[in-house]
Amino acid sequence: MTLPNSGSTDRVVIGIDDTDTPDEGGTGCLARRLVGEVEALGLGVSSGVTRHQFYQGPEVPKTARNSAAAIIFREPAEPDALLEAVTTIVEREAIRGSNPGVAMLIRKPQRPAVLFARLTQQTVVTQEQTTTLAAAVEVTLAGLGGTGDGVIGAFGAAVLRGDGRDGRFVGLRGIRDVSGEMTVADLIAATDIAAVVDVDGWEPLEAETSLDIGDWVRPRLIGGRPVMVARCDEGLWVNADARPR
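Sequence positions are assigned chain by chain, starting from 1 and proceeding in written order. Local features in a predicted model are, by the rule used here, given only for residues with pLDDT of at least 70; side-chain atom pairs are given and counted only at 80 or more, and totals for whole chains, interfaces and linings are based on all residues. Based on all heavy atoms of the structure, the side-chain values leave hydrogens and waters out of the count.

Engineer: How do you make sense of the confidence of the model for the chain when you look at a structure like this?
Structural biologist: Should pLDDT be low for a region, the predicted coordinates there are not to be read in detail. A residue's pLDDT is the predictor's confidence in that residue, given on a scale from 0 to 100. Put simply, the chain has an average pLDDT of 90, and 90% of its residues get 70 or more. When mean pLDDT is compared element by element in the chain, helix α6 (residues 184–190) scores highest at 98, while helix α1 (residues 27–40) scores lowest at 93. Note on residues 1–8: pLDDT is under 50 here. Beyond four places in sequence and across chains, it has 18 contacts. For helices the rule is a DSSP run of H or I covering at least 4 residues; for strands it is a run of E covering at least 2, with both sets numbered from the N terminus onward. Here, residues are in contact when the closest pair of their heavy atoms is within 4.5 Å.

Engineer: Can you help me understand the environment of Asp149 in this one?
Structural biologist: By the element assignment, Asp149 lies in the loop between β5 (139–143) and α5 (150–163). The buried label applies to any residue whose accessible area, calculated with a 1.4 Å probe on protein chains only, is under 20% of its type's maximum; exposed applies above 50%, and partly exposed to all values in between. On the basis of relative accessible area, Asp149 is assigned to the partly exposed category, the value being 32%. Considered as a pair, Asp149 and Asn239 are 90 residues apart in the sequence and their alpha carbons are 36 Å apart. In this structure, Asp149 is in contact with Asn99 and Gln127, ignoring residues within four places of it in sequence. For Asp149, the side chain forms a polar contact with the side chain of Gln127, separated by 2.7 Å. Distance and chemistry together define a polar contact, namely a pair of N or O atoms within 3.5 Å, with one atom able to donate a hydrogen and the other to accept it when in protein, and with adjacent residues in sequence counting only for side-chain atoms on both sides.

Engineer: Could you clarify how one ought to interpret the pattern of salt bridges in this entry?
Structural biologist: Pairing is possible between side chains that carry opposite charge, provided their charged atoms lie close to one another. Salt bridge criterion: a side-chain nitrogen from Lys or Arg within 4 Å of a carboxyl oxygen from Asp or Glu. Under the defined criterion, the tally for this structure stands at 11 salt bridges. In this structure, the salt-bridge partner of Arg107 is Glu138, at a minimum N-O distance of 2.4 Å. Remark: Glu138 occurs in the loop between α4 (127–136) and β5 and Arg107 occurs in the loop between β4 (101–105) and α3 (111–120); sequence separation between them is 31 residues.

Engineer: Just checking my understanding: could you explain the pairing of strand β11 (residues 225–233) for this structure?
Structural biologist: Judged from the 4 bridges that link them, strand β8 (residues 195–198) and β11 form a sheet pairing that is parallel. Bridging from a neighbouring strand, Val197 pairs with Val229 of β11. We call two strands paired when DSSP finds no fewer than two bridges between them. Where strand β10 (residues 220–222) meets β11, 3 bridges bridge the pair, whose relative direction is antiparallel. By the bridge assignment, Leu221 is partnered in β11 with Pro226.

Engineer: Help me understand the environment of Ile16 in this model?
Structural biologist: Along the chain, Ile16 falls in strand β1 (residues 11–17). Distance from Ile16 to Val102, taken between C-alpha atoms, is 4.6 Å for residues 86 residues apart in sequence. When sequence neighbours within four positions are dropped, the list of residues in contact with Ile16 reads Thr27, Leu30, Ala31, Ala68, Ala69, Val90, Gly101, Val102 and Ala154.

If you want it as structure tokens, here you go:
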């Protein structure tokens, strides 16, 4: 693999996809394990794992809902060392029969990359289209087995995470340890959530505001930050993104 952006940087975005099969594994779970290993190796500090949804038409091979995962690593090692570690871990952990792919983005994603990633959320795109564009917009791809189609979702996830306006955090400090009623200040202190906003006006809630967050906290990626969205329900603030049923 040739890294177009090799050299020091303050962050690297990694996307991964198609690491599981319909009966086994999960890309989000693998991404969270990946964070632990990379941090233990001293190769970067995670800013959380996000899930990104892509087109779910019947013509798209998928294990469940055709989503991919992305991670931002702050204070990364040299990009080539980080990518080598990531690909080694993903190749080792991916379920037999899957088609894993990894993408790495160093600079802010270029507009053609963002437009293509959003197109991937709306319709079918091909591996050839993805690899051709990736070379032009300086996104490094690695197909690690099977058909290699995992690079499509990996590219999309890395670009959307880098753009900062799509996705939901499935891995973030504290979000799996909090539940029930608490103040905005206590929620932010217990997690890496940056703010809680009103779903109707997108205005931040005051620190002393009490809200019921339920038992499933998955903040949105808004403006590059993890943000919980709340709504007022009969005078009480609640998590607007309750657990899907």
